[in-house]
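Examining the three-dimensional arrangement
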Amino acid sequence: MKRAVYPGSFDPITNGHIDILKRALEIFDEVIVLIAENHEKKSRFTVKERVEMIQDATKDLEGVKVDSTEGLTVSYAKRVGATHLIRGLRAVSDFEYEFSLAAANHYIDESIDIVFFMANSESSFISSSMIDGLYSENVDISNLVPESVVKMYKKK
Ligand code: PNS
């Protein structure tokens, strides 16, 4: 069983994340979508809300689990027997951040490797913070995020 962890803030999950998750499932038998703490970001949704949105958005995908951690991503991966982390890359601007995150993770535990997927062209401009900005300006986000996210925004 090849298991990977797909960590992120997922605040909220977008169609770009879902695309990367589906592609990761072509390689791994099981992918755990892991909500992890990014101390540089203030979150819009609670962890419970994020878990709920992701669970709903992935309910028809086989081999997906959803979890959260307050600790280190690589420690979580080791604990659950995952061999790889999954991350997405949208543009060159993501590279520097991903490069240092990967280096930090490698420093903590070099036995966990990272697989990067390039965002597809339709998703390359979507980010969680952009979704939040668009929603605040009353722009329709229903083509950019799963339905569960639209519902959660309306509920808030
Ligand atoms: O979606 P994001 O915000 O770019 O995801 C970043 C995240 C949450 C994957 C990263 O901040 C993370 O792994 N946080 C957990 C703490 C950790 O493992 N830090 C390791 C290196 S600094």
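The structure reproduced in this document is the subject of the present report. Every value quoted in this text rests on a predicted model; they were computed, and no experiment measured them.

Reading guide: rules and limits
- Residues numbered from 1 in each chain as written.
- Predicted model: local features only at pLDDT ≥ 70, side-chain atom pairs only at ≥ 80, totals over all residues.
- Heavy atoms only, no water.
- Near = heavy atom within 4 Å.
- Polar contact = N/O pair within 3.5 Å; in protein donor to acceptor, adjacent residues only side chain to side chain.
- Areas by Shrake-Rupley, 256 points an atom, 1.4 Å probe, with all protein chains shown as cover.
- 1 Å grid on protein atoms, 1.4 Å probe; cavity = no way out; pocket = protein on both sides within 12 Å on 5 of 7 lines; lining within 4 Å.
- Sits in = over half its atoms within 2 Å of the grid points.
- Helix = DSSP H or I, 4+ residues; strand = E, 2+ residues; numbered from the N terminus.
- Nonpolar A, V, L, I, M, F, W, Y, C, P; charged D, E, K, R; others polar.
- Buried < 20%, exposed > 50% of the residue type's maximum accessible area, 1.4 Å probe, protein only.
- Contact = heavy atoms within 4.5 Å.
- Patch = residues over 30% accessible without salt bridge, like charges linked within 9 Å, V, L, I, M, F, W, Y side chains within 5 Å.
- Salt bridge = Lys/Arg side-chain N within 4 Å of Asp/Glu carboxyl O.
- Points joined across faces, edges and corners; volume = space filled by probe spheres on them.
- Core = buried A, V, L, I, M, F, W, Y, C linked by side-chain atoms within 4.5 Å.
- Axes fitted to C-alpha atoms, helices over the stretch in contact; angles between N-to-C directions.

We now examine the site of the ligand. Taken together, 15 residues lie near the ligand, and S9, E37, N38, K41 and T73 sit nearest. One of the backbone nitrogen or oxygen atoms of E37 is found 2.8 Å away from a nitrogen atom of the ligand. Within the side chain of T73, an N or O atom sits 2.8 Å from an oxygen atom of the ligand. In the complex, the protein chains occlude 80% of the 540 Å² of accessible area that the ligand would expose alone. Under a 2 Å grid-point criterion requiring more than half of the atoms, the pocket assigned to the ligand is the largest pocket. Secondary structure elements with two or more residues in the shell around the ligand: β1 (3-8) and α4 (92-108). Taken together, the residues of the shell around the ligand sort by class into 6 nonpolar, 6 polar and 3 charged.

The next point concerns the side chain of S128. With respect to the element layout, S128 can be found in helix α5 (residues 128-136). When its relative accessible area of 16% is taken as the criterion, S128 is described as buried. Excluding residues within four positions of it along the chain, S128 makes contact with D11, P12, T14 and H17.

What follows is about a nonpolar patch on the surface. On the surface, L72, Y107 and I108 cluster together into a nonpolar patch covering about 370 Å² of accessible area. Along the chain, the position of L72 falls in the loop between β3 (64-68) and α3 (73-79).

The next thing to look at is the layout of surface pockets. Taken as a whole, the largest pocket encloses approximately 1,300 Å³ of empty space. Looking at the largest pocket, it is lined by 47 residues, and the ones nearest its centre are S9, N38, K41, R87 and Y97. Residue assignment for the lining of the largest pocket shows that the elements contributing at least two residues are β1, α1 (15-24), α2 (47-57), β4 (84-89), α4 and α5. Tallying contributions element by element places α4 first for the lining of the largest pocket, with 7 residues. Here the residues of the lining of the largest pocket are counted per class, giving 16 nonpolar, 18 polar and 13 charged.

This part is about unusual backbone geometry. Of note, the bond from D11 into P12 is cis; its omega dihedral lies within 30 degrees of zero at 5°. In the Ramachandran plot, F10 falls in the positive-phi region, its phi being about 45° despite a non-glycine side chain. Take F10: its relative accessible area is 2%, and that puts it in the buried class. Positive phi, normally seen in glycine, also occurs at N138, with a value near 60°. Tracing the backbone through its elements, the reader meets N138 in the loop between α5 and α6 (147-155). Taking the relative accessible area as the measure of exposure, N138 reaches 73% and is therefore exposed.

Before going further, it helps to examine the nonpolar core. In terms of nonpolar packing, the biggest core is built from 30 residues, with Y6, F10, L21, V31, I54, I86 and I131 touching the most fellow members. Those elements giving two or more residues to this core turn out to be β1, α1, β2 (30-35), α2, β3 and α6. Once residues lying within four places of it in the same chain are set aside, the contact partners of V31 are A4, Y6, L21, A24, L25, G63, V64 and K65. Counting 11 residues, the second-largest nonpolar core is a separate cluster that includes I32, L85, A102 and I112.

At a closest axis distance of 9 Å, the pairing of α2 and α6 adopts a crossing angle of 145°. Between α2, through E49, E52, M53, D56 and A57, and α6, the contact on the second element is made entirely by S148, V149, M152 and K155. Of the residues contributing to the contact of α2 with α6, the split by class is 4 nonpolar, 1 polar and 4 charged.

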